[in-house]
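Residue-level listing of the chains:
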Amino acid sequence: MPADTTFAMSLGTPSASPLRVHWSRHQAIVNFRGDPSDSGLMEALSATVGLPWPTRAAECPTDGSRRVVWAGPDDWFVIGPAGLQEALAQQLRAAAGERHCAVTDVSSGYAVVTLAGGAARDVLAQGCPLDLHPQLFAVGQSAGTHFFKASVWLWRSGDDAFDLLVRTSFVGYVEEMLRRCTLEHPLQID
């Protein structure tokens with residue numbers, strides 16, 4: 001799989017801020033399934049990752065290097081720095097102890113793309129049905145949705161920044177759709 005890549009696309013008038021796109025294809029991504037009503041488990045998981053463990057829809061806490069994405073009532077993605085997936089999976093298993101749960105390293109099946117800049121929300125709006133206005137989709141919120149025909153997990157990581165968790169089999173498609181959303185301006189590779 002290609003290394004992480006960054007490219008910039010200009011949108012709108014020449015004075016418009018560019019859309020910066022960064023693919024992270026080697027992050028540690030571990031899927032955790034467990035019982036959210038087990039407060040002991042939730043506390044142990046929080047202590048393990050150093051973040052509040054999300055128990056409600058749209059929660060997506062981060063400390064800048066790790067993120068926990070709520071994916072369903074008993075389903076989460078824990079995303080961390082590249083190369084730490086095995087250690088992260090072992091830490092989550094240790095936190096769960098003898099409890100019934102599932103811990104799966106899914107790092108090779110996903111990539112994270114960051115869209116940043118003043119045009120990020122407008123570009124996403126071309127292929128995503130969610131209303132991404134900051135009053136409705138604030139920094140730190142997440143949702144399962146789609147970008148055109150690709151199923152994604154989306155979270156707002158900054159005022160003008162969004163991250164999408166994309167299956168690796170859809171990376172080329174999402175990249176192509178991003179290019180088509182910005183056809184009127186040249187692609188600039190950083």
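Residues numbered from 1 in each chain as written. Predicted model: local features only at pLDDT ≥ 70, side-chain atom pairs only at ≥ 80, totals over all residues. Heavy atoms only, no water.

Caption draft 1: Main features of the environment of W53. For W53, the position within the fold is in the loop between α1 (39-49) and β4 (67-72). By relative accessible area, which is 6% here, W53 ends up buried. Placed 25 residues apart in sequence, W53 and V78 show a C-alpha to C-alpha distance of 10.0 Å. Look past the residues within four positions of W53 in its chain and what remains in contact with it is F32, M42, L45, S46, V68, W76, V78 and L92. (Helix = DSSP H or I, 4+ residues; strand = E, 2+ residues; numbered from the N terminus. Buried < 20%, exposed > 50% of the residue type's maximum accessible area, 1.4 Å probe, protein only. Contact = heavy atoms within 4.5 Å.)

Caption draft 2: Examining the sheet that holds β4 more closely. Read across the sheet, 4 strands follow the order β4-β5-β3-β6 without closing on themselves; strand pairing throughout is antiparallel. Edge positions in the sheet fall to β4 and β6 (102-105), since each of these pairs with one other strand and no more. When strand polarity is set aside, the average angle formed by the axes of neighbouring strands in this sheet is 20°. The pairing of β4 with strand β5 (residues 75-80) spans 5 bridges and is antiparallel. Directly across from W70, in β5, lies its bridge partner W76. Most of the contacts of helix α2 (residues 85-96) go to strand β3 (residues 28-33), to which it runs at about 20°, and overall it touches β3, β5 and β6. (Pairing = 2+ DSSP bridges. Axes fitted to C-alpha atoms, helices over the stretch in contact; angles between N-to-C directions.)

Caption draft 3: Just the pairing of β3, in detail. Where burial is concerned, most of β3 is hidden: 5 out of the 6 residues are buried. Here β3 runs beside β5; their pairing, made up of 6 bridges, is antiparallel. Residue pairing across strands places V30 opposite V78, the latter belonging to β5. In this sheet, β6 lies alongside β3 in antiparallel orientation, the contact comprising 4 bridges. Bridge pairing links V30 to D105 in β6.

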